[in-house]
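What follows is the residue order along each chain.
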Amino acid sequence: MPLLFILALSFLKLVSGQWQVIGPGKPVQVLVGEDATFSCALSPEMNAEAMEVRFFRSQFSAVVHMYSEGDDQIHMQMPAYQGRTEFVKDFITQGRVFLKLKNITTSDAGVYGCWFRSQTYYHDDIWELQVSALGSTPLISIMGYVDGGIQLLCKSSGWFPQPTVKWKGPQGHDLPSDSKMNADSHGMIDVETSFIIKEGTGNISCSIQTSALSREVQSSLQIGETFFHPSPWRLGFIFLILICVILSVGVIRMEIFYSKSQGNLWTELDWRRKQRQAEWREARKHAVEVTLDPDTAHPRLHISDMKTVTHLDDPQAIPAFEKRFVKRECVVAHQCFTSGKHYWEVNVGHKKRWQLGVCRDDVNRKGKEGILSPQEGYWIVGLSKADGYFTFNPRRICISLNTSPTRVGIFLDYEGENISFFNVNDQSLIYTLNYKFEGLLLRPFIEPWSYQEENEMPIVICPVNLGPERKTPSQVLTTPDLDNSDSCSQLNKSFLSQRGLTTAPDSSACSSQQ
(Lines give C-alpha, C1' and ligand atoms only; values in the text may rest on other atoms or scores of the structure.)
Protein backbone atom coordinates (compact mmCIF):
# COMPACT_ATOMS: atom_id res chain seq x y z
CA MET A 1 0.00 0.00 0.00
CA PRO A 2 1.50 3.41 -0.95
CA LEU A 3 2.92 5.35 2.00
CA LEU A 4 0.84 8.48 1.26
CA PHE A 5 -2.38 6.44 1.28
CA ILE A 6 -1.48 4.88 4.65
CA LEU A 7 -0.67 8.31 6.11
CA ALA A 8 -3.93 9.73 4.77
CA LEU A 9 -5.98 6.91 6.33
CA SER A 10 -4.12 7.33 9.63
CA PHE A 11 -4.94 11.06 9.62
CA LEU A 12 -8.65 10.37 8.98
CA LYS A 13 -8.65 7.80 11.77
CA LEU A 14 -7.28 10.35 14.24
CA VAL A 15 -9.57 13.26 13.37
CA SER A 16 -12.87 11.56 12.61
CA GLY A 17 -13.07 8.55 14.93
CA GLN A 18 -16.73 7.73 15.42
CA TRP A 19 -17.08 3.94 15.63
CA GLN A 20 -15.09 0.85 16.54
CA VAL A 21 -14.84 -2.73 15.30
CA ILE A 22 -15.58 -5.45 17.86
CA GLY A 23 -14.15 -8.89 17.06
CA PRO A 24 -14.60 -12.23 18.90
CA GLY A 25 -12.93 -10.72 21.97
CA LYS A 26 -11.03 -13.93 22.84
CA PRO A 27 -9.08 -16.68 21.07
CA VAL A 28 -11.21 -18.84 18.79
CA GLN A 29 -10.55 -22.54 19.49
CA VAL A 30 -11.34 -25.22 16.90
CA LEU A 31 -10.35 -28.82 16.15
CA VAL A 32 -8.63 -29.91 12.95
CA GLY A 33 -11.21 -30.71 10.26
CA GLU A 34 -13.97 -28.57 11.77
CA ASP A 35 -15.19 -25.09 10.70
CA ALA A 36 -14.30 -21.84 12.48
CA THR A 37 -16.66 -18.86 12.62
CA PHE A 38 -15.40 -15.29 13.16
CA SER A 39 -17.78 -12.48 14.13
CA CYS A 40 -17.21 -8.75 13.69
CA ALA A 41 -19.55 -5.86 14.49
CA LEU A 42 -19.57 -2.08 14.50
CA SER A 43 -20.07 -0.18 17.75
CA PRO A 44 -22.29 1.76 17.81
CA GLU A 45 -24.54 -0.21 15.47
CA MET A 46 -24.85 1.15 11.90
CA ASN A 47 -25.39 0.06 8.30
CA ALA A 48 -22.20 -1.32 6.72
CA GLU A 49 -23.56 -2.29 3.27
CA ALA A 50 -21.60 0.51 1.57
CA MET A 51 -18.38 -0.13 3.52
CA GLU A 52 -15.39 -2.28 2.67
CA VAL A 53 -15.10 -5.28 5.01
CA ARG A 54 -11.86 -7.25 4.98
CA PHE A 55 -10.85 -10.36 6.97
CA PHE A 56 -7.09 -10.82 6.94
CA ARG A 57 -4.36 -13.13 8.28
CA SER A 58 -1.52 -11.62 10.37
CA GLN A 59 -1.16 -8.57 8.12
CA PHE A 60 -3.59 -6.34 6.23
CA SER A 61 -2.48 -7.42 2.76
CA ALA A 62 -3.00 -11.16 3.46
CA VAL A 63 -6.68 -11.26 2.48
CA VAL A 64 -8.79 -14.16 3.78
CA HIS A 65 -12.07 -12.68 2.46
CA MET A 66 -13.04 -9.25 1.18
CA TYR A 67 -16.45 -7.57 0.72
CA SER A 68 -16.65 -4.31 -1.21
CA GLU A 69 -19.12 -2.39 -3.37
CA GLY A 70 -21.94 -4.63 -2.21
CA ASP A 71 -20.36 -7.95 -3.26
CA ASP A 72 -17.65 -10.51 -2.37
CA GLN A 73 -14.29 -9.82 -4.04
CA ILE A 74 -13.16 -13.43 -4.49
CA HIS A 75 -10.21 -12.50 -6.68
CA MET A 76 -8.57 -10.74 -3.71
CA GLN A 77 -8.30 -13.94 -1.61
CA MET A 78 -5.03 -15.72 -0.91
CA PRO A 79 -4.94 -19.11 -2.72
CA ALA A 80 -5.00 -21.04 0.58
CA TYR A 81 -8.49 -19.68 1.39
CA GLN A 82 -10.17 -19.85 -2.02
CA GLY A 83 -13.31 -21.99 -1.87
CA ARG A 84 -13.08 -22.29 1.93
CA THR A 85 -14.82 -19.10 3.12
CA GLU A 86 -18.46 -18.13 3.48
CA PHE A 87 -19.27 -14.48 4.19
CA VAL A 88 -22.58 -14.14 6.10
CA LYS A 89 -24.06 -10.66 5.75
CA ASP A 90 -27.67 -11.20 6.86
CA PHE A 91 -27.20 -8.53 9.56
CA ILE A 92 -24.85 -6.16 7.69
CA THR A 93 -27.48 -3.39 7.86
CA GLN A 94 -26.96 -3.56 11.63
CA GLY A 95 -23.17 -3.53 11.26
CA ARG A 96 -22.68 -7.24 12.09
CA VAL A 97 -21.02 -9.81 9.79
CA PHE A 98 -19.67 -13.35 10.13
CA LEU A 99 -17.01 -15.32 8.26
CA LYS A 100 -17.00 -19.12 8.25
CA LEU A 101 -13.62 -20.72 7.50
CA LYS A 102 -14.17 -24.34 6.48
CA ASN A 103 -12.11 -27.50 7.03
CA ILE A 104 -9.51 -26.10 9.45
CA THR A 105 -5.93 -27.41 9.18
CA THR A 106 -2.90 -26.94 11.40
CA SER A 107 -1.54 -24.31 9.02
CA ASP A 108 -4.57 -22.09 9.72
CA ALA A 109 -3.48 -21.41 13.31
CA GLY A 110 -2.40 -17.83 13.92
CA VAL A 111 -3.56 -14.22 14.21
CA TYR A 112 -6.58 -12.96 12.25
CA GLY A 113 -8.34 -9.62 11.99
CA CYS A 114 -11.26 -7.81 10.41
CA TRP A 115 -11.24 -4.29 8.98
CA PHE A 116 -14.13 -1.92 8.18
CA ARG A 117 -13.66 1.20 6.03
CA SER A 118 -16.16 3.92 5.15
CA GLN A 119 -15.46 6.98 2.98
CA THR A 120 -14.13 8.92 5.97
CA TYR A 121 -12.96 6.43 8.55
CA TYR A 122 -11.60 2.93 9.18
CA HIS A 123 -10.98 0.65 12.14
CA ASP A 124 -10.01 -3.00 12.78
CA ASP A 125 -9.71 -5.66 15.47
CA ILE A 126 -7.57 -8.81 15.77
CA TRP A 127 -7.78 -12.16 17.55
CA GLU A 128 -6.04 -15.55 17.60
CA LEU A 129 -7.23 -18.80 16.01
CA GLN A 130 -6.06 -21.74 18.11
CA VAL A 131 -6.09 -25.09 16.28
CA SER A 132 -5.90 -28.40 18.16
CA ALA A 133 -6.01 -32.12 17.40
CA LEU A 134 -6.45 -34.96 19.88
CA GLY A 135 -4.21 -37.87 18.94
CA SER A 136 -4.76 -41.60 19.10
CA THR A 137 -4.89 -43.69 22.29
CA PRO A 138 -1.29 -44.58 23.33
CA LEU A 139 -0.18 -48.07 22.30
CA ILE A 140 2.21 -49.78 24.73
CA SER A 141 4.38 -52.61 23.43
CA ILE A 142 7.15 -54.75 24.97
CA MET A 143 10.52 -54.41 23.23
CA GLY A 144 12.49 -56.96 25.26
CA TYR A 145 14.70 -57.47 28.33
CA VAL A 146 17.22 -54.68 28.96
CA ASP A 147 19.55 -54.27 31.99
CA GLY A 148 17.51 -56.51 34.27
CA GLY A 149 14.20 -54.94 33.33
CA ILE A 150 11.66 -54.93 30.53
CA GLN A 151 11.79 -52.14 27.96
CA LEU A 152 8.37 -50.68 27.06
CA LEU A 153 7.62 -48.50 24.04
CA CYS A 154 4.61 -46.13 23.90
CA LYS A 155 3.43 -44.64 20.57
CA SER A 156 0.65 -42.23 19.56
CA SER A 157 -0.03 -40.10 16.46
CA GLY A 158 -2.15 -37.20 15.21
CA TRP A 159 -1.47 -34.51 17.87
CA PHE A 160 -1.41 -30.73 17.54
CA PRO A 161 0.14 -28.65 18.97
CA GLN A 162 3.08 -30.53 20.49
CA PRO A 163 1.84 -32.59 23.47
CA THR A 164 3.44 -33.53 26.78
CA VAL A 165 4.39 -37.23 27.17
CA LYS A 166 4.91 -38.90 30.55
CA TRP A 167 5.28 -42.32 32.14
CA LYS A 168 3.51 -42.54 35.51
CA GLY A 169 3.94 -44.96 38.40
CA PRO A 170 1.25 -46.63 40.56
CA GLN A 171 0.70 -43.49 42.66
CA GLY A 172 0.47 -41.19 39.62
CA HIS A 173 3.99 -39.76 40.05
CA ASP A 174 6.10 -38.98 36.97
CA LEU A 175 8.85 -41.40 35.92
CA PRO A 176 11.99 -40.35 33.96
CA SER A 177 11.93 -41.44 30.33
CA ASP A 178 13.17 -40.65 26.81
CA SER A 179 10.79 -39.20 24.20
CA LYS A 180 10.95 -38.06 20.59
CA MET A 181 8.43 -36.32 18.34
CA ASN A 182 8.07 -36.01 14.57
CA ALA A 183 5.74 -33.87 12.44
CA ASP A 184 4.18 -35.28 9.28
CA SER A 185 3.54 -33.37 6.03
CA HIS A 186 0.30 -31.92 7.45
CA GLY A 187 1.92 -30.63 10.64
CA MET A 188 0.46 -33.39 12.85
CA ILE A 189 2.79 -34.65 15.60
CA ASP A 190 3.67 -38.32 16.20
CA VAL A 191 5.13 -39.13 19.63
CA GLU A 192 7.23 -42.06 20.86
CA THR A 193 8.60 -42.69 24.34
CA SER A 194 10.38 -45.63 25.99
CA PHE A 195 10.80 -46.77 29.58
CA ILE A 196 12.56 -49.66 31.33
CA ILE A 197 10.33 -51.10 34.02
CA LYS A 198 12.00 -52.91 36.92
CA GLU A 199 10.71 -55.77 39.01
CA GLY A 200 8.27 -54.64 41.70
CA THR A 201 7.32 -51.39 39.94
CA GLY A 202 3.65 -52.43 39.73
CA ASN A 203 1.08 -50.70 37.52
CA ILE A 204 2.53 -48.23 35.01
CA SER A 205 0.81 -45.91 32.50
CA CYS A 206 1.75 -43.86 29.43
CA SER A 207 0.06 -40.43 29.52
CA ILE A 208 -0.15 -37.86 26.69
CA GLN A 209 -1.88 -34.48 26.86
CA THR A 210 -1.92 -31.07 25.16
CA SER A 211 -2.36 -27.80 26.98
CA ALA A 212 -4.66 -26.42 24.26
CA LEU A 213 -7.33 -29.08 24.93
CA SER A 214 -6.64 -29.63 28.65
CA ARG A 215 -7.35 -33.32 28.10
CA GLU A 216 -5.27 -36.38 28.92
CA VAL A 217 -5.18 -39.71 27.08
CA GLN A 218 -3.43 -42.66 28.67
CA SER A 219 -2.96 -46.43 28.57
CA SER A 220 -1.95 -48.58 31.53
CA LEU A 221 -0.06 -51.85 31.91
CA GLN A 222 0.84 -54.09 34.83
CA ILE A 223 3.56 -56.75 34.56
CA GLY A 224 3.75 -59.51 37.19
CA GLU A 225 7.00 -60.50 38.89
CA THR A 226 7.18 -63.81 37.03
CA PHE A 227 7.72 -61.92 33.78
CA PHE A 228 11.12 -60.78 35.04
CA HIS A 229 12.41 -64.39 34.93
CA PRO A 230 12.31 -65.10 31.20
CA SER A 231 12.35 -68.45 29.44
CA PRO A 232 12.74 -69.03 25.67
CA TRP A 233 9.00 -69.45 25.13
CA ARG A 234 7.58 -67.09 27.77
CA LEU A 235 8.44 -63.79 26.09
CA GLY A 236 6.63 -64.73 22.88
CA PHE A 237 3.61 -65.89 24.89
CA ILE A 238 3.51 -62.59 26.81
CA PHE A 239 3.78 -60.60 23.64
CA LEU A 240 0.88 -62.56 22.09
CA ILE A 241 -1.32 -62.01 25.17
CA LEU A 242 -0.61 -58.27 25.15
CA ILE A 243 -1.56 -57.97 21.48
CA CYS A 244 -4.85 -59.80 22.11
CA VAL A 245 -5.66 -57.58 25.11
CA ILE A 246 -4.89 -54.39 23.20
CA LEU A 247 -7.00 -55.47 20.21
CA SER A 248 -9.92 -56.43 22.47
CA VAL A 249 -9.81 -53.11 24.30
CA GLY A 250 -9.73 -51.25 20.99
CA VAL A 251 -12.76 -53.09 19.64
CA ILE A 252 -14.74 -52.54 22.85
CA ARG A 253 -13.92 -48.82 22.87
CA MET A 254 -14.98 -48.47 19.24
CA GLU A 255 -18.32 -50.16 19.95
CA ILE A 256 -18.95 -47.97 23.01
CA PHE A 257 -18.06 -44.82 21.08
CA TYR A 258 -20.32 -45.73 18.15
CA SER A 259 -23.26 -46.57 20.46
CA LYS A 260 -22.90 -43.31 22.37
CA SER A 261 -22.60 -41.28 19.16
CA GLN A 262 -25.77 -42.82 17.70
CA GLY A 263 -27.65 -42.30 20.97
CA ASN A 264 -26.53 -38.69 21.29
CA LEU A 265 -27.52 -37.96 17.69
CA TRP A 266 -31.06 -39.29 18.10
CA THR A 267 -31.43 -37.52 21.46
CA GLU A 268 -30.33 -34.21 19.92
CA LEU A 269 -32.70 -34.57 16.95
CA ASP A 270 -35.63 -35.46 19.24
CA TRP A 271 -34.88 -32.50 21.53
CA ARG A 272 -34.79 -30.09 18.58
CA ARG A 273 -38.07 -31.47 17.20
CA LYS A 274 -39.83 -31.06 20.56
CA GLN A 275 -38.42 -27.55 20.98
CA ARG A 276 -39.76 -26.44 17.57
CA GLN A 277 -43.15 -28.00 18.30
CA ALA A 278 -43.24 -26.09 21.61
CA GLU A 279 -42.48 -22.84 19.74
CA TRP A 280 -45.35 -23.55 17.33
CA ARG A 281 -47.80 -24.33 20.18
CA GLU A 282 -46.78 -21.14 21.98
CA ALA A 283 -47.30 -19.11 18.79
CA ARG A 284 -50.82 -20.55 18.30
CA LYS A 285 -51.86 -19.13 21.70
CA HIS A 286 -51.83 -15.73 19.99
CA ALA A 287 -54.30 -16.69 17.24
CA VAL A 288 -56.29 -13.81 15.70
CA GLU A 289 -59.13 -13.57 13.20
CA VAL A 290 -57.85 -12.48 9.77
CA THR A 291 -60.24 -11.53 6.94
CA LEU A 292 -59.39 -10.39 3.43
CA ASP A 293 -60.23 -6.91 2.14
CA PRO A 294 -61.82 -7.33 -1.35
CA ASP A 295 -61.33 -3.60 -2.07
CA THR A 296 -57.53 -4.19 -2.12
CA ALA A 297 -57.60 -7.30 -4.35
CA HIS A 298 -56.18 -7.21 -7.88
CA PRO A 299 -58.93 -7.51 -10.58
CA ARG A 300 -57.80 -11.07 -11.40
CA LEU A 301 -58.37 -12.23 -7.80
CA HIS A 302 -61.80 -13.35 -6.61
CA ILE A 303 -62.48 -13.02 -2.85
CA SER A 304 -65.31 -15.02 -1.28
CA ASP A 305 -66.51 -15.19 2.34
CA MET A 306 -63.65 -12.81 3.25
CA LYS A 307 -61.44 -15.89 3.65
CA THR A 308 -60.87 -17.41 0.20
CA VAL A 309 -58.84 -16.01 -2.70
CA THR A 310 -58.67 -17.58 -6.17
CA HIS A 311 -56.79 -16.47 -9.26
CA LEU A 312 -59.04 -15.92 -12.31
CA ASP A 313 -58.17 -16.36 -15.97
CA ASP A 314 -59.57 -12.93 -16.87
CA PRO A 315 -59.76 -9.71 -14.82
CA GLN A 316 -63.08 -8.66 -13.29
CA ALA A 317 -64.88 -5.37 -13.92
CA ILE A 318 -64.65 -3.93 -10.40
CA PRO A 319 -64.32 -0.39 -8.97
CA ALA A 320 -60.84 1.15 -9.13
CA PHE A 321 -60.42 1.96 -5.44
CA GLU A 322 -57.37 3.94 -4.39
CA LYS A 323 -56.17 1.10 -2.13
CA ARG A 324 -56.53 -1.66 -4.79
CA PHE A 325 -53.39 -3.40 -6.12
CA VAL A 326 -53.19 -2.71 -9.86
CA LYS A 327 -50.00 -4.43 -11.11
CA ARG A 328 -49.11 -7.00 -8.43
CA GLU A 329 -51.76 -9.77 -8.29
CA CYS A 330 -52.20 -9.87 -4.50
CA VAL A 331 -54.56 -8.92 -1.66
CA VAL A 332 -54.17 -7.78 1.96
CA ALA A 333 -56.35 -8.19 5.04
CA HIS A 334 -58.64 -5.77 6.84
CA GLN A 335 -56.56 -6.16 10.01
CA CYS A 336 -53.70 -3.79 10.85
CA PHE A 337 -50.98 -4.68 13.35
CA THR A 338 -48.95 -2.02 15.17
CA SER A 339 -47.91 -4.01 18.26
CA GLY A 340 -48.36 -7.31 20.08
CA LYS A 341 -48.21 -10.97 18.98
CA HIS A 342 -50.50 -12.33 16.25
CA TYR A 343 -50.85 -15.79 14.68
CA TRP A 344 -52.97 -17.04 11.77
CA GLU A 345 -52.98 -20.03 9.43
CA VAL A 346 -53.38 -20.27 5.65
CA ASN A 347 -54.27 -23.39 3.65
CA VAL A 348 -52.25 -23.46 0.39
CA GLY A 349 -53.16 -27.03 -0.48
CA HIS A 350 -51.05 -28.43 -3.32
CA LYS A 351 -50.63 -25.16 -5.23
CA LYS A 352 -47.24 -24.93 -6.92
CA ARG A 353 -46.81 -21.14 -6.56
CA TRP A 354 -47.73 -18.75 -3.73
CA GLN A 355 -46.36 -16.07 -1.40
CA LEU A 356 -47.59 -15.38 2.16
CA GLY A 357 -46.65 -13.04 4.98
CA VAL A 358 -47.13 -9.37 5.89
CA CYS A 359 -46.47 -6.06 4.17
CA ARG A 360 -46.39 -2.39 5.10
CA ASP A 361 -49.72 -0.61 4.67
CA ASP A 362 -48.03 2.10 2.59
CA VAL A 363 -46.43 -0.13 -0.10
CA ASN A 364 -46.85 1.05 -3.69
CA ARG A 365 -50.12 -0.54 -4.86
CA LYS A 366 -50.15 0.96 -8.36
CA GLY A 367 -46.75 -0.25 -9.53
CA LYS A 368 -45.06 -3.66 -9.49
CA GLU A 369 -41.87 -3.57 -7.44
CA GLY A 370 -39.06 -6.07 -7.79
CA ILE A 371 -38.51 -8.74 -5.15
CA LEU A 372 -40.69 -8.91 -2.06
CA SER A 373 -37.89 -8.06 0.38
CA PRO A 374 -37.99 -6.31 3.78
CA GLN A 375 -36.37 -3.26 2.13
CA GLU A 376 -39.45 -3.00 -0.14
CA GLY A 377 -41.85 -3.45 2.80
CA TYR A 378 -42.60 -7.19 2.47
CA TRP A 379 -41.79 -10.09 4.84
CA ILE A 380 -42.81 -13.30 3.07
CA VAL A 381 -42.17 -17.00 2.48
CA GLY A 382 -43.10 -18.45 -0.91
CA LEU A 383 -43.09 -21.47 -3.19
CA SER A 384 -41.99 -21.53 -6.83
CA LYS A 385 -42.29 -24.64 -9.00
CA ALA A 386 -38.84 -24.00 -10.46
CA ASP A 387 -36.89 -22.99 -7.34
CA GLY A 388 -38.80 -24.53 -4.40
CA TYR A 389 -39.38 -22.71 -1.11
CA PHE A 390 -37.71 -19.31 -0.62
CA THR A 391 -37.67 -15.97 1.20
CA PHE A 392 -35.82 -12.65 0.85
CA ASN A 393 -33.50 -11.18 3.53
CA PRO A 394 -32.74 -9.00 1.60
CA ARG A 395 -31.61 -11.27 -1.26
CA ARG A 396 -33.26 -14.55 -2.24
CA ILE A 397 -32.68 -17.40 0.21
CA CYS A 398 -33.60 -20.99 -0.73
CA ILE A 399 -35.24 -23.06 2.03
CA SER A 400 -35.00 -26.86 2.27
CA LEU A 401 -37.93 -28.65 4.00
CA ASN A 402 -38.39 -32.29 4.97
CA THR A 403 -42.19 -32.07 4.54
CA SER A 404 -44.02 -29.88 2.01
CA PRO A 405 -46.64 -27.81 3.89
CA THR A 406 -50.25 -27.71 2.74
CA ARG A 407 -51.02 -25.37 5.62
CA VAL A 408 -48.74 -22.54 6.79
CA GLY A 409 -48.81 -20.81 10.19
CA ILE A 410 -47.67 -17.16 10.36
CA PHE A 411 -46.60 -15.63 13.69
CA LEU A 412 -45.83 -11.90 13.97
CA ASP A 413 -44.05 -10.81 17.18
CA TYR A 414 -44.02 -7.03 16.75
CA GLU A 415 -42.00 -6.07 19.85
CA GLY A 416 -39.84 -9.19 19.45
CA GLU A 417 -38.88 -7.83 16.00
CA ASN A 418 -39.49 -11.04 14.05
CA ILE A 419 -42.01 -12.94 11.93
CA SER A 420 -41.92 -16.76 11.88
CA PHE A 421 -43.44 -19.19 9.39
CA PHE A 422 -44.44 -22.71 10.50
CA ASN A 423 -45.25 -25.92 8.63
CA VAL A 424 -48.49 -26.92 10.39
CA ASN A 425 -48.33 -30.42 8.84
CA ASP A 426 -45.35 -31.48 10.99
CA GLN A 427 -45.36 -28.53 13.46
CA SER A 428 -41.87 -27.43 12.36
CA LEU A 429 -40.32 -24.01 11.78
CA ILE A 430 -39.92 -23.00 8.13
CA TYR A 431 -38.02 -19.72 8.58
CA THR A 432 -37.79 -16.61 10.82
CA LEU A 433 -37.20 -13.07 9.51
CA ASN A 434 -35.89 -10.44 11.95
CA TYR A 435 -36.68 -6.74 11.56
CA LYS A 436 -37.33 -3.63 13.68
CA PHE A 437 -41.00 -2.97 12.92
CA GLU A 438 -41.24 0.06 15.23
CA GLY A 439 -43.68 2.61 13.79
CA LEU A 440 -44.78 0.41 10.85
CA LEU A 441 -48.41 -0.46 10.11
CA LEU A 442 -48.49 -4.10 8.91
CA ARG A 443 -51.21 -6.12 7.13
CA PRO A 444 -51.42 -9.87 6.34
CA PHE A 445 -50.54 -10.43 2.67
CA ILE A 446 -51.37 -13.16 0.08
CA GLU A 447 -50.20 -13.48 -3.52
CA PRO A 448 -51.65 -16.71 -5.01
CA TRP A 449 -49.82 -16.54 -8.39
CA SER A 450 -51.24 -18.17 -11.50
CA TYR A 451 -50.24 -21.68 -12.57
CA GLN A 452 -51.86 -22.28 -15.91
CA GLU A 453 -51.04 -25.98 -16.30
CA GLU A 454 -53.60 -26.96 -13.64
CA ASN A 455 -57.00 -25.86 -12.35
CA GLU A 456 -56.57 -22.88 -10.10
CA MET A 457 -57.13 -23.97 -6.50
CA PRO A 458 -58.05 -21.33 -3.90
CA ILE A 459 -55.94 -20.21 -0.94
CA VAL A 460 -57.98 -20.13 2.29
CA ILE A 461 -57.40 -18.42 5.66
CA CYS A 462 -58.24 -21.06 8.28
CA PRO A 463 -59.60 -20.68 11.83
CA VAL A 464 -57.35 -21.73 14.71
CA ASN A 465 -59.33 -23.54 17.43
CA LEU A 466 -57.55 -23.37 20.79
CA GLY A 467 -60.35 -23.78 23.35
CA PRO A 468 -59.39 -22.39 26.80
CA GLU A 469 -55.79 -21.70 25.66
CA ARG A 470 -56.82 -18.95 23.26
CA LYS A 471 -55.54 -15.49 24.18
CA THR A 472 -57.01 -12.13 23.24
CA PRO A 473 -54.69 -10.30 20.81
CA SER A 474 -53.81 -6.66 21.35
CA GLN A 475 -54.41 -3.77 18.93
CA VAL A 476 -55.99 -5.73 16.07
CA LEU A 477 -59.02 -4.59 14.06
CA THR A 478 -61.48 -7.48 14.30
CA THR A 479 -64.21 -8.67 11.95
CA PRO A 480 -67.25 -10.96 12.43
CA ASP A 481 -66.20 -14.39 13.75
CA LEU A 482 -66.05 -17.20 11.20
CA ASP A 483 -64.32 -19.64 13.59
CA ASN A 484 -65.87 -22.92 12.57
CA SER A 485 -63.94 -26.21 12.52
CA ASP A 486 -65.19 -26.98 9.00
CA SER A 487 -65.18 -23.44 7.60
CA CYS A 488 -62.03 -23.82 5.48
CA SER A 489 -63.36 -26.97 3.86
CA GLN A 490 -66.79 -25.42 3.29
CA LEU A 491 -65.30 -22.24 1.81
CA ASN A 492 -63.14 -24.31 -0.54
CA LYS A 493 -66.01 -26.49 -1.71
CA SER A 494 -68.46 -23.58 -2.05
CA PHE A 495 -66.15 -21.54 -4.22
CA LEU A 496 -65.01 -24.44 -6.35
CA SER A 497 -68.59 -25.50 -7.03
CA GLN A 498 -69.31 -21.99 -8.29
CA ARG A 499 -66.46 -22.41 -10.84
CA GLY A 500 -67.48 -25.93 -11.83
CA LEU A 501 -64.32 -27.46 -10.30
CA THR A 502 -63.82 -30.45 -8.02
CA THR A 503 -62.18 -30.36 -4.62
CA ALA A 504 -58.57 -31.54 -4.45
CA PRO A 505 -57.71 -34.26 -1.92
CA ASP A 506 -56.22 -31.69 0.48
CA SER A 507 -58.97 -29.04 0.24
CA SER A 508 -60.21 -30.01 3.74
CA ALA A 509 -56.79 -29.50 5.29
CA CYS A 510 -58.01 -26.63 7.47
CA SER A 511 -60.30 -28.86 9.52
CA SER A 512 -58.04 -31.92 9.53
CA GLN A 513 -55.04 -30.06 10.92
CA GLN A 514 -56.75 -28.79 14.07
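If you're wondering where the values come from, they're calculated on a predicted model, not measured in any experiment.

Caption draft 1: Structural detail: the overall build of the chain. Per the secondary structure count, the chain includes four helices and 31 strands. Within the chain, the proportion of its 514 residues that are buried is 43%. Considering only intrachain contacts with a sequence separation of at least 6, the fraction spanning at least 24 residues in the chain is 64%.

Caption draft 2: Layout of the nonpolar core. Counting residues in each nonpolar core, the largest one holds 36 residues, and the members touching the most others are W344, V346, W354, I419 and I446. Those residues in contact with W344 that sit more than four places away from it in its chain are V288, V290, F337, G357, V358, V408, G409, I410, L412 and P444. If you look at the next biggest cluster of nonpolar residues, it comprises 31 residues, including A36, V64, Y67 and Y112.

Caption draft 3: Up close: the sheet that holds strand β23 (residues 354-360). Pairing in this open sheet of six strands is antiparallel, and the strands run β21-β30-β23-β24-β25-β26 from one edge to the other. What marks the edges here is a single partner per strand, and that holds for β21 (331-332) and β26 (396-399). Where β21 lies against strand β30 (residues 442-447), two bridges are found, and the strand directions are antiparallel. The partner of V332 across the bridge, within β30, is F445.

Caption draft 4: Inspection of a nonpolar patch on the surface at higher detail. Together, F239, I243 and L247 make up an exposed nonpolar region whose accessible area comes to about 280 Å². One can find I243 in helix α2 (residues 234-284).

Caption draft 5: Spotlight on the sheet that holds strand β6 (residues 71-72). Pairing is mixed across the open sheet formed by six strands, whose spatial order is β2-β10-β9-β4-β5-β6. A single partner strand is all that each edge strand has here, and the edge strands are β2 (28-31) and β6. In this structure, strand β9 (residues 110-117) lies alongside strand β10 (residues 122-132), joined through eight bridges in antiparallel fashion. The residue of β10 that forms the bridge with F116 is H123.

Caption draft 6: Structural context of the side chain of T296. Here T296 is to be found in the loop between α2 and β19 (301-304). For T296, a relative accessible area of 1% translates into the label buried. Beyond its immediate sequence surroundings of up to four residues, T296 is in contact with K323, R324, F325, C330, V331, V332 and R365.

Caption draft 7: A look at the pattern of salt bridges. The final tally for this structure, using the stated rule, is 19 salt bridges. A salt bridge links D174 to K166, with the shortest nitrogen-to-oxygen separation between them at 3.4 Å. Here D174 falls in the partly exposed class, since its relative accessible area comes to 45%. Taking the relative accessible area as the measure of exposure, K166 reaches 31% and is therefore partly exposed. The residue D361 makes a salt bridge to R365 at a minimum N-O spacing of 3.1 Å.

Caption draft 8: Summary view of unusual backbone geometry. Going from F160 to P161, the amide bond is cis rather than trans, its omega being -5°. The residue P161 is located in the loop between β12 (149-159) and β13 (164-168) in this model. Of note, the bond from N393 into P394 is cis; its omega dihedral lies within 30 degrees of zero at -10°. Topologically, P394 is positioned in the loop between β25 (388-392) and β26. Despite not being glycine, M306 shows a phi value in the positive range, around 60°. Turning to its location among the elements, M306 is positioned in the loop between β19 and β20 (308-311). For E417, which is not glycine, the phi dihedral falls at a positive 60°. Along the chain, the position of E417 falls in the loop between β27 (407-413) and β28 (418-423).

Caption draft 9: Structural view of the pairing of strand β7 (residues 85-88). Burial along β7 is one-sided: the face carrying T85 and F87 is buried and the face carrying E86 and V88 is not. In the sheet, β7 pairs with strand β8 (residues 96-101) via four bridges, with the strands oriented antiparallel. Bridge assignment links V88 to a residue of β8, and that residue is F98.

Caption draft 10: Just the state of the cysteines, in detail. A complete count under the given rule lists two disulfides for this structure. Bridging C40 to C114, the disulfide has an S-S length of 1.8 Å. Because the sign of the S-S torsion sets the handedness, a value of about -95° for the bond joining C40 and C114 places this disulfide among the left-handed ones. In this pair, C40 sits in strand β3 (residues 36-43) while C114 sits in strand β9, placing the two residues 74 residues apart along the sequence.

Caption draft 11: Fine view of the pairing of β9. Counting buried positions along β9 gives six out of eight residues, so the element sits mostly inside the fold. Taken together, the six bridges between strand β4 (residues 52-57) and β9 define a ladder with antiparallel strand orientation. Considered in β9, the bridge of E52 is made with R117. Between β9 and β10, which follow one another and run antiparallel, lie four residues.

Caption draft 12: Structural view of the packing of aromatic side chains. Enumeration according to the criterion identifies 19 aromatic pairs in this entry. Measuring from centroid to centroid gives 6.1 Å for F56 and F60, while their planes differ by 55°, and the two rings are tilted. A centroid spacing of 5.3 Å and a plane angle of 70° characterise the contact between Y378 and F445, whose relative ring orientation is edge-to-face. Of this pair, Y378 sits in strand β24 (residues 378-384) while F445 is found in strand β30, placing the two residues 67 residues apart along the sequence. The same class applies to Y378 and to F445, which are both buried. One aromatic cluster is present, formed by F38, F55, Y67, F87, Y112 and W127 through successive ring pairs. Geometry around W449 places R353 over its ring, the cationic atom sitting 4.3 Å from the centre.

Caption draft 13: Region of the structure containing the environment of P394. Residue P394 is classed as partly exposed on the basis of its relative accessible area, which comes to 27%. Sequence separation between P394 and I371 is 23 residues, and the spatial gap between their C-alpha atoms is 8.9 Å. With near-sequence residues (within four places) excluded, P394 lies in contact with I371, S373, P374 and Q375.

Rules used in this analysis
Residues numbered from 1 in each chain as written. Predicted model: local features only at pLDDT ≥ 70, side-chain atom pairs only at ≥ 80, totals over all residues. Heavy atoms only, no water. Helix = DSSP H or I, 4+ residues; strand = E, 2+ residues; numbered from the N terminus. Buried < 20%, exposed > 50% of the residue type's maximum accessible area, 1.4 Å probe, protein only. Contact = heavy atoms within 4.5 Å. Core = buried A, V, L, I, M, F, W, Y, C linked by side-chain atoms within 4.5 Å. Pairing = 2+ DSSP bridges. Patch = residues over 30% accessible without salt bridge, like charges linked within 9 Å, V, L, I, M, F, W, Y side chains within 5 Å. Areas by Shrake-Rupley, 256 points an atom, 1.4 Å probe, with all protein chains shown as cover. Salt bridge = Lys/Arg side-chain N within 4 Å of Asp/Glu carboxyl O. Disulfide = S-S within 2.5 Å. Phe/Tyr/Trp six-rings, centres within 6.5 Å; stacked < 30°, edge-to-face > 60°. Lys NZ or Arg CZ within 6 Å of the ring centre and 35° of its normal.

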